[in-house]
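Here are the chains, one letter per residue:
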Amino acid sequence: MRRFKRTLTALVLMAVTVGRAAGWSPVSAQTPLTAPLPGVEEWLADTSLGRPLPDPSTTGPAEMAAFFDGTTARQRVRLAEEHPSVVGNLDGAPIALRYRANKAVTGRDGVLAYDPRGRGRIATVVGDLTTAAHVSIVIPGSDISASSRFGRLERMAGRLQKEAGEDTAVIAWAGYTTPEGVGIDAATGRLAEDGAERLTRFTRGLDAAGIPDPVLFCHSYGSVVCGLAAAGTDATDIVVAGSPGMRAGTAADLRTDATVWAATSPRDWIRRIPNVEFLGLGHGTDPTDPAFGARTLDASRVPLHSAYFDTGTTTLAAFAAIATGGDPR
């Protein structure tokens, strides 16, 4: 009974703290997109190859890669030109083909995924993904989407890539519906569960396309996504910064062979969020808690929740070392 009361008190404190920190939203405001991509109907009706095209909703990344391996260069280009909204988002499709398809839709180079519906989902690349020896993916928390503050995520990815060097490519991945503000969506795992499924598929698509195993850099609510996705990705390392929890009691509970790293600044407001998980609220143990079992990084000089990737911080230097397979300490 005492434990229940302590947990309930922590949840009340969490609600109050979240409300004061960033404006409480009392109802669930965001809904993950589940409908087929725009253009899928036309894609499935295309019989130009003399056989059905693979259904994006039921074909895994490895199978998708095998499909494109069985086509000619001319056929692949035609498919990208006639179905750019589909081809640009097919995990397992050749990277250069996805670039081509998404440029036709967005007019931008280096776009690896793009879905304009709702607040939008997007992934862009800093560096040369096709030749990189090292690959990292930056996964954001609240308020990042194709239509809102995506530039902030790209700047984070750009700083990491610049610090890590030319043989590293960094993907800014806003491939899921993020919470808006800090409220009930951010306090539960519903959006993270959808994000984890999408992140897992995305990393498997990179693997099927021959891209090196990535390092995941997960900021804020993005660390909840990474915690749920950990067992399904081939990441070499998972780095969480400003994390409210990973929906796991310990690093071992993540069921991953990746090395898990954690950093939280003493100035980060996330420290005021109680680390509990009860009746669907909260995200569990603080990853920087020694009992969790992650390797901790010095974040003592990081001034803000949003500053872990800022130039000149010890965290950015450590992140770059991890991104290139080095020792950050």
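In the block above lies the structure referred to throughout.
Residues numbered from 1 in each chain as written. Predicted model: local features only at pLDDT ≥ 70, side-chain atom pairs only at ≥ 80, totals over all residues. Heavy atoms only, no water.

A. Region of the structure containing helix H7 (residues 150-164). End to end, H7 covers 21 Å across 15 residues, agreeing with the expected 21 Å (1.5 Å per residue, within 8%). Where H7 is concerned, the buried positions are Phe150, Leu153, Met156, Ala157, Leu160, Gln161 and Ala164. One side of H7 holds all its buried residues, which, seen down the axis, span an arc of 130°. Buried residues along H7 sit in contact with strand E2 (121-126), strand E3 (134-139), strand E4 (168-174), strand E5 (214-219) and helix H11 (314-323). (Helix = DSSP H or I, 4+ residues; strand = E, 2+ residues; numbered from the N terminus. Expected span 1.5 Å × (residues − 1). Buried < 20%, exposed > 50% of the residue type's maximum accessible area, 1.4 Å probe, protein only. Arc of directions from axis to C-beta. Contact = heavy atoms within 4.5 Å.)

B. Structural view of the sheet that holds strand E6 (residues 237-241). Reading across the sheet, the 8 strands line up as E1-E2-E4-E3-E5-E6-E7-E8 and stay open at both edges, with mixed pairing between neighbours. Only two strands of the sheet have a single partner each, and these edge strands are strand E1 (111-115) and strand E8 (295-296). Summarising the sheet, E6 and strand E7 (residues 259-263) pair through 5 bridges and their orientation is parallel. Bridging from a neighbouring strand, isoleucine 238 pairs with valine 260 of E7. The sheet contacts of helix H10 (residues 222-229) involve E3, E5 and E6, and relative to E5 the element is tilted by about 140°. (Pairing = 2+ DSSP bridges. Axes fitted to C-alpha atoms, helices over the stretch in contact; angles between N-to-C directions.)

C. How the structure looks around the pattern of salt bridges. Counting across every chain of the model gives 13 salt bridges. A salt bridge links arginine 121 to aspartate 115; its shortest N-O distance comes to 3.0 Å. Of the charged contacts, one joins arginine 190 and aspartate 185 as a salt bridge, the two residues approaching to 3.2 Å between their closest N and O atoms. The exposure class assigned to arginine 190 is partly exposed, which follows from its relative accessible area of 33%. One salt-bridge network, held together by shared partners, links Asp46, Arg78 and Glu82. (Salt bridge = Lys/Arg side-chain N within 4 Å of Asp/Glu carboxyl O.)

D. Inspection of unusual backbone geometry at higher detail. For arginine 149, which is not glycine, the phi dihedral falls at a positive 65°. Following the sequence through the fold, arginine 149 ends up in the loop between E3 and H7. Of note, the phi angle at serine 220 is positive, near 55°, even though the residue is not glycine. Residue position: serine 220 is located in the loop between E5 and H10. Judged by its relative accessible area of 10%, serine 220 falls in the buried class.

E. Molecular detail of the nonpolar core. If you look at the biggest cluster of nonpolar residues, it comprises 42 residues, and the most contacted ones within it are Leu112, Leu129, Ile139, Ile171 and Ile238. The element that contributes the greatest number of residues to this core is helix H9 (residues 190-208), accounting for 6 residues. Once you skip the residues sitting within four places of it in the chain, leucine 129 turns out to touch Ile95, Tyr99, Leu112, Val135, Ala169, Ile171, Leu206 and Ile211. (Core = buried A, V, L, I, M, F, W, Y, C linked by side-chain atoms within 4.5 Å.)

F. Highlighting the state of the cysteines. Under the criterion given, the structure shown has 1 disulfide. Between cysteine 218 and cysteine 226 runs a disulfide, and the two sulfur atoms are separated by 2.1 Å. In this structure the cystine formed by cysteine 218 and cysteine 226 twists about its S-S bond by roughly -90°; its chirality is therefore left-handed. When sorted by exposure, cysteine 218 lands in the same class as cysteine 226, which is buried. (Disulfide = S-S within 2.5 Å.)

G. Main features of helix H6 (residues 95-106). Between its terminal C-alpha atoms H6 stretches 16 Å, which fits the 16 Å expected from 12 residues at 1.5 Å a residue. Among all positions of H6, only Ile95, Leu97, Arg98, Tyr99, Ala101 and Asn102 are buried. Those residues of H6 hidden inside the fold are in contact with helix H3 (61-69), helix H4 (73-82), helix H5 (84-87), E1, E2 and H9. Residue glycine 107 follows H6 closely and has a positive phi angle near 80°.

H. The pairing of E3, seen in detail. Burial runs high along E3: 5 of the 6 residues are buried. One ladder, built from 5 bridges, connects E3 with E4; its direction is parallel. Residue pairing for E4: isoleucine 137 is matched across the bridge by isoleucine 171. In this view, the connection linking E3 to its parallel neighbour E4 by way of H7 has right-handed handedness. Sheet analysis places E3 next to E5, joined by 5 bridges and oriented parallel. Bridge pairing links valine 135 to proline 214 in E5. (Right-handed = clockwise from strand over helix to strand, strands pointing away.)

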